[in-house]
Amino acid sequence: MRKKHFFMKLLAAYLVIIVLYTLIAAGVFLYKNTEIVGLELKNKQESFLLGMAEQLDNRFKIAQSLIHQLQASQAVKSYVQNDRHNYYNITTVYKELEKLNSTFYDLGIRIDLTRAGDSLVIKPENTIGRFYYDQEMAFEDSRKIIIPMKNRYSGLDEEMTAYIKGSGGDENGFLMTFVTRTPQFTGPDLIFFTSFYDSFIMPGLSRESEEAFYVVNPEGAVLYASTLQEEYPSLGETIAHYDIPVAESFMTAEHEGLQLHIANSVILPGWKYGYAVPKRSFFADLQPQLIGIGAATFLCLLLGMLAAYMLSRTMYRPIGRVVAMFNSFDNNEGLDEMAFISRTAVKIRRANEQLKSMMLKERAPLKDMFLRDMLHGLLTAEQIEARMNKLQLQLPGSPWTAVVLELSNYTELNAIYSRSTLLDMKSQHMHAIDEQLGRSRDCQLVALDFKRFAVLMHESCTDTVKREVQHALIYTESKIESSYTIAITAGVGAPAQALEEIGQSYISAVRALEYRSFLDKRTVIAYSDVDTAPRGQYYYPLDTERDLISSVQQGKREEVAAILDRLFDINFKQRVPQQQSLQRFGLAIHATIERILQLSNLQDMQWEDAELDEIHPESQQSNWQQNIRNRFECLLDEINREREGADSDLVERLLQYIHEHYHEDLSLTDLSSHHHFSPGYISTVFKQYTGQNFKDYLNQHRVRKAKEILGSEQVKIADVALRVGCNNTNTFIRIFRKYVGQSPGQYAKQQN
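Our subject in this report is the structure included herewith. Going along each chain's sequence as written, the residues are numbered from 1 onward. Local features in this predicted model are restricted to residues of pLDDT 70 or higher, and side-chain atom pairs are both shown and tallied only at a pLDDT of 80 or more, whereas totals for entire chains, interfaces and linings draw on every residue. Each side-chain value is worked out from all heavy atoms of the structure, with water and hydrogens disregarded.

### Topic: the overall build of the protein chain
Under the DSSP-based scheme used, a helix requires at least four consecutive residues in state H or I and a strand at least two consecutive residues in state E, with every element numbered from the N terminus. On a plain count of helices and strands, the protein chain comes out with 25 helices and 17 strands. Here the protein chain holds 752 residues, and the buried ones make up 43% of them. Of the roughly 41,100 Å² of accessible surface on the protein chain, 52% is carried by carbon and sulfur atoms. Think of it in three bands: with a 1.4 Å probe and only protein chains considered, a residue is buried below 20% of the maximum accessible area for its type, exposed above 50%, and partly exposed in between. With residues, only the protein chains shown are counted as cover, and all accessible areas are computed by Shrake-Rupley using a 1.4 Å probe.

### Observations regarding the sheet that holds strand 15 (residues 452-457)
Strands belonging to one sheet form pairs held by backbone hydrogen bonds; the direction of such a pair is parallel or antiparallel. Ordered by their spatial adjacency, five strands build an open sheet running 14-15-13-16-17, and the pairing between neighbours is mixed. In this open sheet, the two edge strands, each paired with only one partner strand, are strand 14 (443-447) and strand 17 (524-526). For this sheet, the mean angle separating the axes of adjacent strands, direction not counted, is 20 degrees. Any two strands are treated as partners once DSSP identifies two or more bridges connecting them. Only the stretch in contact is used when a helix axis is fitted, and all axes are lines through C-alpha atoms; the angle between N-to-C directions ranges over 0 to 180 degrees.

### So, the packing of aromatic side chains
Working definition: a ring pair exists when centres of Phe, Tyr or Trp rings (six-membered ring for Trp) sit within 6.5 Å. Plane angles under 30 degrees give stacked, over 60 give edge-to-face, the rest tilted. In this structure the tally under the stated criterion is 13 aromatic pairs. With a centroid separation of 5.5 Å and an interplanar angle of 80 degrees, the aromatic rings of Phe131 and Tyr132 are classed as edge-to-face. Across the pair, Tyr132 and Phe131 agree in class, each one exposed. Here the aromatic residues Phe48, Phe213, Tyr273 and Tyr275 are joined through ring pairs into a cluster of three or more. A ring is scored as having a charge over it whenever the NZ atom of a lysine or the CZ atom of an arginine sits within 6 Å of its centre and within 35 degrees of its normal. The ring of Tyr79 has Arg115 lying over it, and the distance from NZ or CZ to the ring centre is 4.4 Å. Above the face of the Tyr697 ring, Arg704 is positioned so that its terminal group lies 6.0 Å from the ring centre.

### Thoughts on the pairing of strand 13 (residues 401-407)
Of all seven residues in strand 13, seven are buried, a share of seventy percent or more. Taking every second residue as pointing to the same face, both faces of strand 13 are buried, with Thr401, Val403, Leu405 and Leu407 on one and Ala402, Val404 and Glu406 on the other.

### A closer look at the pattern of salt bridges
The term salt bridge refers to a side-chain nitrogen of Lys or Arg lying within 4 Å of a carboxyl oxygen of Asp or Glu. The final tally for this structure, using the stated rule, is 18 salt bridges. The salt bridge involving Arg439 is made with Glu435; its shortest N-O contact spans 3.3 Å. Given a relative accessible area of 34%, Glu435 falls into the partly exposed group. The salt bridge partner of Glu713 is Arg723, with a shortest N-O separation of 2.9 Å. Here Arg723 lies in helix 23 (residues 717-723) and Glu713 lies in the loop between helix 22 (694-712) and helix 23, a separation of 10 residues in the sequence. The class of Glu713 is partly exposed, set by a relative accessible area of 34%. A residue is classified by how much of its surface remains accessible, and Arg723, at 38% relative accessible area, is partly exposed. What emerges from the salt-bridge pattern is a single network uniting Arg110, Asp112, Lys123, Glu125 and Glu136.

### Considerations on the nonpolar core
By size, the foremost hydrophobic cluster in this structure holds 42 residues, and its most contacted members are Phe60, Leu113, Phe178 and Phe213. If one sorts the elements of this core by residue count, helix 1 (residues 5-72) sits on top with nine residues. The next biggest cluster of nonpolar side chains, apart from the first, holds 28 residues, and it includes Val651, Ile682, Val685 and Leu698. Residues grouped as a nonpolar core are buried Ala, Val, Leu, Ile, Met, Phe, Trp, Tyr and Cys residues, joined through side-chain atoms within 4.5 Å.

### Some details on a nonpolar patch on the surface
Each patch is built from residues lacking any salt bridge and having more than 30% relative accessible area; the joining distance is 9 Å for like charges and 5 Å for nonpolar side chains (Val, Leu, Ile, Met, Phe, Trp, Tyr). Residues Val16, Leu20, Ile24 and Val28 make up a contiguous nonpolar surface patch of roughly 360 Å² in combined accessible area. Mapped onto the secondary structure, Ile24 falls in helix 1.

### Overview of the environment of Gly270
Residue placement: Gly270 occurs in the loop between strand 11 (258-264) and strand 12 (272-278). When its relative accessible area of 37% is taken as the criterion, Gly270 is described as partly exposed. C-alpha of Gly270 to C-alpha of Val216: the two residues are 54 residues apart in sequence and 8.6 Å apart in space. Contacts are assigned to residue pairs that have any heavy atoms within 4.5 Å of one another. Once residues within four sequence positions are removed from consideration, Gly270 is found in contact with Val216, Asn217 and Pro218.

### Some points on unusual backbone geometry
The backbone of Glu256 sits at a positive phi, close to 50 degrees, despite the residue not being glycine. The topology assignment puts Glu256 in the loop between strand 10 (250-255) and strand 11. If you check the backbone angles, Gln392 has positive phi at about 55 degrees while not being a glycine. Along the chain, Gln392 turns up in the loop between helix 10 (381-391) and strand 13.

### Quick look at the packing of helix 22 against helix 24 (residues 729-740)
Interaxial distance between helix 22 and helix 24 falls to 10 Å at its minimum, and their mutual angle equals 90 degrees. Taken together, the axis directions place helix 22 and helix 24 in an arrangement best described as roughly perpendicular. Facing helix 22, whose interface residues are Asp696, Asn699, Gln700, Val703, Ala706, Lys707 and Leu710, helix 24 presents Phe732, Ile735, Phe736, Lys738, Tyr739 and Val740. Only Asp, Glu, Lys and Arg are considered charged in this grouping, and only Ala, Val, Leu, Ile, Met, Phe, Trp, Tyr, Cys and Pro are considered nonpolar; every other residue, Gly among them, is considered polar. Looking at the contact of helix 22 with helix 24, its residues break down into eight nonpolar, two polar and three charged. Every angle not falling under 35 degrees, over 145, or within 65 to 115 is termed oblique; those three ranges are roughly parallel, roughly antiparallel and roughly perpendicular.

### A look at the environment of Arg317
By secondary structure assignment, the location of Arg317 is in helix 8 (residues 290-326). It is 9.4 Å that separates the C-alpha atoms of Arg317 and Phe7, two residues lying 310 residues apart in sequence.

### Remarks on the side chain of Asp57
Counting through the fold element by element, Asp57 comes out in helix 1. At 9.7 Å, Lys61 is the nearest oppositely charged side chain to Asp57, a buried residue that forms no salt bridge. Once residues lying within four places of it in the same chain are set aside, the contact partners of Asp57 are Asn264, Ser265, Val266, Ile267 and Tyr273. Two residue types count as positive, namely Lys and Arg, and two as negative, namely Asp and Glu; His and chain ends fall outside the count.

### Some details on the pairing of strand 10
Covered by surrounding structure in strand 10 are Met251, Ala253 and His255 only, the residues Phe250, Thr252 and Glu254 on the alternate face being uncovered. Alignment of strand 10 against strand 11, held across six bridges, turns out to be antiparallel. In the strand pairing of strand 11, His255 is matched with Leu258. Where strand 10 folds back on strand 11, the antiparallel hairpin that results is connected by two residues, among which Glu256 adopts a positive phi of roughly 50 degrees.

### Description of a negative patch on the surface
In plain terms, the charge of a residue is placed at NZ if it is Lys, CZ if Arg, CG if Asp and CD if Glu. Negative charge collects at one region of the surface, where Glu382, Glu385, Glu500 and Glu501 lie side by side. The residue Glu501 is located in the loop between strand 16 (488-492) and helix 14 (502-513) in this model.

### Some words on helix 12 (residues 419-437)
The terminal C-alpha atoms of helix 12 lie 27 Å apart, and with 19 residues this matches the ideal 27 Å at 1.5 Å per residue to within 8%. Looking at helix 12, one finds that the buried residues are Leu422, Met425, Lys426, His429, Met430, Ala432, Ile433, Gln436 and Leu437. A helix is expected to reach a length of 1.5 Å times the quantity of its residues less one.

### Details of the packing of helix 22 against helix 25 (residues 744-751)
Where helix 22 contacts helix 25, the two axes come as close as 8 Å, and the packing angle between them is 45 degrees. As judged from the angle between their axes, helix 22 and helix 25 are oblique. In this structure, helix 22 crosses over helix 25, and the sense of that crossing is right-handed. Contacts between helix 22 and helix 25 involve Lys707, Leu710 and Gly711 from the former and Pro744, Tyr747, Ala748 and Gln751 from the latter. Across the contact of helix 22 with helix 25, the residue classes break down as four nonpolar, two polar and one charged. Helix crossings fall into two classes, left-handed where the near helix is turned counterclockwise from the far one by less than a right angle and right-handed where it is turned clockwise.

This is the structure we're talking about:
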């Protein structure tokens, strides 16, 4: 595996993301910034146009106000009413004009006046003949435009004539002169000459800037300040043809690569102001920003690469830990980290599944043992809860009903088939019954012995349990098709209101099952059906006799006493058999005792006839029952004496075998195979007679032999371990230290 191959992939991925994100962000920023710059420039241009329009309209308005003010002055009125040249009046008007001219000089406005038909024009600085005045103002060389207007103050119709000098104005600096003829109520009309200076009206445009400002009327260009006139000579006429919407104060248009901003004049009807600039391209606006944006982008890329490296290291750190941890499980040559982790994870998952399967297999016997203990009433409520938590078993609350099912024809089947075949048959029927019952409610199934199994059903109604069990038996019989017939009888116990009471339900189910011979060969018998059994016969089923014989042979005193108590309880308390039935019951007990003697090879154990009479049922019942118990106690004592001798011989043979084969890889299974006993029985007998379990005794014997070797020979510890049967040296050292209190090496040094 190449070192940190995945780290390089991760770093490369982050770098690609950083680069793409930075470039995209820079592109979006450039686009938006250029858009903003263009919008700001457009707003500035529109603001410039509207400002100029407002400025010019204000000056035209001021000029009209000044004309009205002159009309209202007493000097002008006197000048109009006097037909002849009254130099006093003329001087008075001259001073009035001079005063106004000095006051509004900064606005670039000059007003001259004369009377209609008069040959003298009064100026702020002097008077001049009308002929010379026209020549001075160059009216003949100017463009003449007639503007019909209405006086804002008098309401009378007026006529205004505009004389446009053209770009640059005349030698006096005038760009435009308005000649207004104002009718008077008395006397001749007054003619006002309102002149506007070029430098005060038009904006000063830089020679380097490509822009133009126009003042136009509907007939075409009036005046302009432009650096684009040579390239666009008809631009003024183009501006004049645009119609601004009524609801708008200005508009923007495009014309031959120019962007036009146009506004209406508020004072002069039909007149427009236009501002033209070349249309800017996106790349033209982008170019000035490239250096700054490029530097910022480069810096962002550097920071992003550093962040990508740090982030890659942070993200890779747990992966590196996992790889280092997995290196002990698998060989990672030729794989990158993620492929190696993936392959190892698959192996671990498979191992977990195998482990889980093994745990389930191991847990199944524990669960069955727990259910059996609960059925036999061996667990308290606290123990049941603890075992359930340990097994991770969830059982709903009460009520529960125990059902015991038995292979009724087990004896016949056992004579035909082997025990393994019978177990397979029973297993098939168990699974089929569990499948059917589990469809409607929660059930727990557990095997009891070769011919019996039990089902715990989460139900309290006995009739419901009987019906569902009956259906399950019918379903099983139809599902399993074979050449053999298995007859199954079920006993239904009383409902248990708590888990710790299931043992009582189980006892009632077993008791119900024992009455099957009295209840018309029913396949499902409930505990409540026992009351309907015939009362004239004694109770001693063959199964109970077999259990009694088996318990006596195994020396189980408690189980023997329990079986006898149950027989006496049913025959003498729950039932009232006739004297003849009791006589037959006594003979059956006597036959059982004889059978036990034969099976246990105790035929030489005989009782006198008087002793036989002591168990005759005609005697008092309590004494008779006690005599039966005493007789079985004698049988148990004799059988246990015989067994103790056999067990003692067995233990001697076991110890001899251990002493001869301790240097081999010896196990409890080896002992059981060699002596033909089960491992459990050997373990129980061995501990009963030696006080130690097999493993502890074997380890102690090996340690004793190792001490003998270390005390007499110079030998390696590993060789000593092999000579005493320990294949692992560390295990041998641990066992030696456990029993001796020091290591083999320390013990050898002390001995030498």
